[in-house]
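Coordinate analysis (summary)
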Amino acid sequence: MERVKEEIERLRYLLEEHNHRYYVLSDPSISDQEYDALMHRLEELEAQHPELITPHSPTQRVGSDRTEGFATITHRYPMLSLSNTYSYDEVKDFYERVCREIGRDVEVVAELKYDGLSISLVYEDGVLSRAVTRGDGRLGDDVTANVRTIRSIPLRLQGEGYPRELEVRGEILLPWVEFERINQSRIAEDEPPFANPRNAASGTLKQLDPKVVAARKLDAYLYHVPGEQPELPHTHYERLACCRRWGLKVSHATHLCHSLEDILAFLDHWDAARSHEPVATDGVVLKVNSIAEQEELGYTAKSPRWAIAYKFKAEQVQTELLSVDYQVGRTGTITPVANLAPVAISGTIVRRASLHNADFIASLDLHLGDTVAVEKGGEIIPKIVSVVPSLRSVSAPRVGFPSVCPACGTALERIAGEAAYFCPARSSCPEQQRGRVEHFCSRKAADIRIGPETIDLLFEHGLLSDIGGLYALEEEQLLGLPGFQRRSASNLVRSIEESRERSYSSILFGLGIRFVGETTAKTLARAYPSIDELSAASQEDLCAVPEIGPVIAGSVVDFFAQQSNRSLIETLRGAGVQLSREVTEQSDSGAESVLSGLSIVISGVFALHTRDEYKALIERLGGKISSAISSKTDYVLAGEKMGPAKLAKAESLGVRILDEAAFLALIEQGTDDKHKH
Ligand code: IVH
């Protein structure tokens, strides 16, 4: 019994955590299938031990996607979820159950399950009057202004015969092409790409500015008319036909099934055919057709008993392995990448897949020309999941791993306990130097406006061989290169010049010290006001800095121990690049120290400044940004969309919540009562 209790507790904890990641952070770390498996196990244990069910168990509620900044609307009929199945056997169980309960063979409508976010639309006298998100199923967010920008949602119904008040429900989606376009531009802007179109659609619909929403071309499918509504037809299929006639977008992938065979044929067909759909789909929804039969079958607390979702397995396609590239990263790590015969998966063309490391290649027993199964799950990067050895030609060579660096010929090494091989020729390996220059120039580092192709060009023409070389580039040299005009040459030189004004911590980040990301660079810059002090620190000294552990400390010491890095720093110093904190970066000088030593969490969106601007401001004033609210948090800077879970947590811990205006007033005032006490 104790073991059961423990497992239940563990499952509840995990589910809550994943809920939070999904709904509040929009950053899920497990697949829907894994989440469902955890939930399923918890439901199973609670069914066996009903005495252990508590009102707080994740099984007792449906997830919420409520966002601050939108008006709250109570749904007329609760927006329920569907129970999921993953096998044809479970589909058969569902079909047999509903037929048994109704007492004869029932008709079932099969529809594609669209993977976006659900929406409820209300039309009054044929005019769109309200669009509300699912929220927690009972209360949702009023996103009418945003939904009005979606071209496939009519603002006015067509034809006649619609009821005075019509509620229809459906899914808002971001088409694959739009998803790709938005992610491309996010990557170009150094912003993290969305993991999948669902997150992108949800992030878009929660924008407080409808203009932003309009610029991203969302789409929508309608699939459900809730309620008994006596004036409407008495079957789901006919109701969908009405919706279509009234100008609402109803999926063409909708089929009236009369038997289990019909249903399974639909599943078979769409499992393959869905890859041609312009939007993401993740399964099929089966619904009992007759509204009277639906009412007879009824509902559980969370889902209708007359419907079920069958989830597709992650889409896999077979293609040919053409060749393998061994990429040399800026830290020297060698990553094997498969070049594949181009193939469409989930709406995108896949040409490459990571092979991770030598062990992964060996475990697949990969040969050149192999037919491989490639899978694209919720994530963007496709992976090779298996090979089909029976299709291998006898002469196919096994994919090996080079023993020397493909860029510089140095013998590769492997650190005990690590899977990756690396090239130890740190400063003389041109690929590593190229990668370092690219990283140094990135937006959050030196912010030099130069693309990877131009960096390649400069390396090829011998004008650049390391980061320091950037500061020796002259306009006249660039003018001799293909594609360079007077204007582009002077722009690049100016951008390099401007990088001299970048903060010490940005430059420190740009140096590309292993394990030193943007945040760690800031921590180090705070603890050591100049690079000279940092380079003199021992591993022990560094470990004494909060948040710096032995791995980072070791890496920093190792970096400064190398002669090539020491001379790079001298070159940067000679070029006038900032290698120490400026006055405004000091955290302990007069008015600049308003937030000194305070831990601040930023949440939500802001009207007056961007999040990044607030981040920079807080850090300049000596504050520390942390991502999660804890008892150590001094303030939460709360924007408009701060999630309800965060709000509740801050309140329960007694953490002070400041809105934008209060925060700016605090800074202006130049003091803070926490410091007075
Ligand atoms: S019907 C009461 N039909 O799946 C039944 N839902 O996992 C209401 N979904 O919240 C839902 N495609 O967001 C229905 N053809 C479809 C669907 C669909 C996608 C979503 C919907 C729902 C979720 C349940």
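Refer to the structure above for everything that follows.
So, here is what we can say about the structure in this document.

The rules behind each value
Every chain's residues receive numbers from 1 upward, in the order its sequence appears when written. Restriction of local features to residues with pLDDT of at least 70 applies here, the model being predicted, together with a cutoff of 80 or more for giving and counting side-chain atom pairs; totals for whole chains, interfaces and linings are based on all residues. As a rule here, side-chain values come from all non-hydrogen atoms in the structure, and water together with hydrogens is ignored. Salt bridges are counted wherever a side-chain nitrogen of Lys or Arg sits within 4 Å of a carboxyl oxygen of Asp or Glu. A helix here means a DSSP run of H or I that spans at least four residues, while a strand means a run of E at least two residues long, and both kinds are numbered starting from the N terminus. Between buried and exposed lies partly exposed: a residue is buried under 20% and exposed over 50% of the maximum accessible area for its type, with that area taken using a 1.4 Å probe on protein chains only. For this description, a residue counts as near a given molecule or strand if any of its non-hydrogen atoms is within 4 Å of it. Here a polar contact is taken to be a pair of N or O atoms separated by no more than 3.5 Å, where protein atoms must pair a possible hydrogen donor with a possible acceptor and residues adjacent in sequence count only if both atoms sit in side chains. Here the open area of atoms and residues is found with the Shrake-Rupley method and a 1.4 Å probe, where only the protein chains shown may cover a residue. When residue character is reported, Ala, Val, Leu, Ile, Met, Phe, Trp, Tyr, Cys and Pro are called nonpolar, Asp, Glu, Lys and Arg charged, and the others, Gly included, polar. Ring pairs are drawn from Phe, Tyr and Trp, using the six-membered ring of Trp, whenever the two centres fall within 6.5 Å, and their geometry is named by plane angle: stacked under 30 degrees, edge-to-face over 60, tilted for the rest. We call a charge positioned over a ring when the NZ of a Lys or the CZ of an Arg lies within 6 Å of the ring centre and within 35 degrees of the ring normal. Here, any two strands with at least 2 DSSP bridges between them count as paired. Working rule for contacts: check all heavy atoms of both residues, and any pair within 4.5 Å makes them a contact. What counts as an axis is a line fitted to C-alpha atoms, over the stretch in contact for a helix, and the angles between N-to-C directions run from 0 to 180 degrees. Put simply, a disulfide is two cysteine sulfurs that come within 2.5 Å.

Some details on the pattern of salt bridges
According to the stated counting rule, one finds 37 salt bridges in the structure shown. Between Arg 352 and Asp 325 there is a salt bridge, with the nearest N and O atoms lying 3.3 Å from each other. One end of the pair, Arg 352, is in strand 14 (residues 348–354); the other, Asp 325, is in strand 12 (residues 315–328), and 27 residues separate them in sequence. The class for Arg 352 is partly exposed, based on a relative accessible area of 35%.

Observations concerning the site of the ligand
Close contacts around the ligand come from 13 residues, with Glu 111, Tyr 114, Glu 171, Tyr 223 and Lys 287 the closest. Within the backbone of Leu 112, an N or O atom sits 3.1 Å from a nitrogen atom of the ligand. Interatomic distance of 2.9 Å between a side-chain N/O atom of Lys 287 and a nitrogen atom of the ligand. When the free accessible area of the ligand is taken as 530 Å², the share hidden by the protein chains comes to 89%. Contributions of two or more residues to the shell around the ligand are made by strand 3 (108–114) and strand 10 (281–288). At 4 residues, the largest contribution of residues to the shell around the ligand is made by strand 3. Residue composition of the shell around the ligand, by class: 7 nonpolar, 1 polar and 5 charged.

Section: the packing of aromatic side chains
Counted under the stated rule, the structure contains 13 aromatic pairs. Judged by centre distance (5.9 Å) and plane angle (75°), the ring pair of Trp 176 and Phe 179 falls under edge-to-face. Of the two residues, Trp 176 and Phe 179 both sit in helix 5 (residues 176–188), 3 residues apart, roughly one turn of that helix. Residue class for Trp 176 comes out buried when judged on its relative accessible area of 12%. Seen from their ring centres, Tyr 310 and Phe 312 are 6.0 Å apart, and the 90° between their planes marks the pair as edge-to-face. For the pair Tyr 310 and Phe 312, a shared accessibility class is recorded, and that class is buried. Taken together through their ring pairs, the aromatic side chains of Tyr 88, Tyr 310 and Phe 312 make up a single cluster. Its guanidinium or amino end placed over the ring of Phe 194, Arg 186 lies 4.1 Å from that ring's centre, counting from NZ or CZ. In this structure, Lys 249 is placed above the aromatic ring of Tyr 221, and the distance from its NZ or CZ to the ring centre is 5.0 Å.

Some points on the sheet that holds strand 21 (residues 635–638)
In sheet architecture, strand pairing relies on hydrogen bonds along the backbone and comes in two forms, parallel and antiparallel. Strand order in the open sheet made by the 4 strands is 20-19-21-22, with parallel pairing throughout. In this open sheet, the two edge strands, each paired with only one partner strand, are strand 20 (624–625) and strand 22 (656–659). Across 4 bridges, strand 21 lies against strand 22 in parallel orientation. Bridging across to strand 22, Val 636 finds its partner in Ile 657. Each of strand 19 (599–603), strand 21 and strand 22 is contacted by helix 23 (residues 644–653), which is oriented at about 130° to strand 22, the strand it contacts most.

Observations regarding unusual backbone geometry
Even without being a glycine, His 356 presents a positive backbone phi close to 65°. Classification of His 356 by relative accessible area gives partly exposed; the value is 41%. Look at Asp 447: it is not a glycine, yet its phi comes out positive at around 55°. Summarising the element assignment, Asp 447 is placed in the loop between helix 12 (430–441) and helix 13 (452–460).

Considerations on the state of the cysteines
One pass over the full model with this rule turns up 0 disulfides. In this structure Cys 423 is not part of a disulfide, and its nearest cysteine sulfur, from Cys 408, lies 3.6 Å away. Accessibility expressed as a relative area gives 1% for Cys 423, which makes it buried.

A closer look at the sheet that holds strand 3
Within the open sheet, the 5 strands sit side by side as 2-11-10-3-9. Their pairing is mixed. Each edge of the open sheet carries a strand with a single partner, namely strand 2 (84–85) and strand 9 (254–257). Here 4 bridges tie strand 3 to strand 9, and the two strands are oriented antiparallel to one another. Following the sheet pairing, Ala 110 is matched in strand 9 by His 255. Its contacts with the sheet put helix 3 (residues 88–102) on strand 2, strand 3, strand 10 and strand 11 (307–311), and the angle it makes with strand 11 is roughly 170°.

A look at the side chain of Thr 85
The residue Thr 85 is located in strand 2 in this model. Relative accessible area serves as the criterion here: at 4%, Thr 85 is assigned to the buried category. Apart from residues lying up to four places away in sequence, Thr 85 is in contact with Glu 90, Val 91, Ile 308, Ala 309, Tyr 310 and Lys 311.

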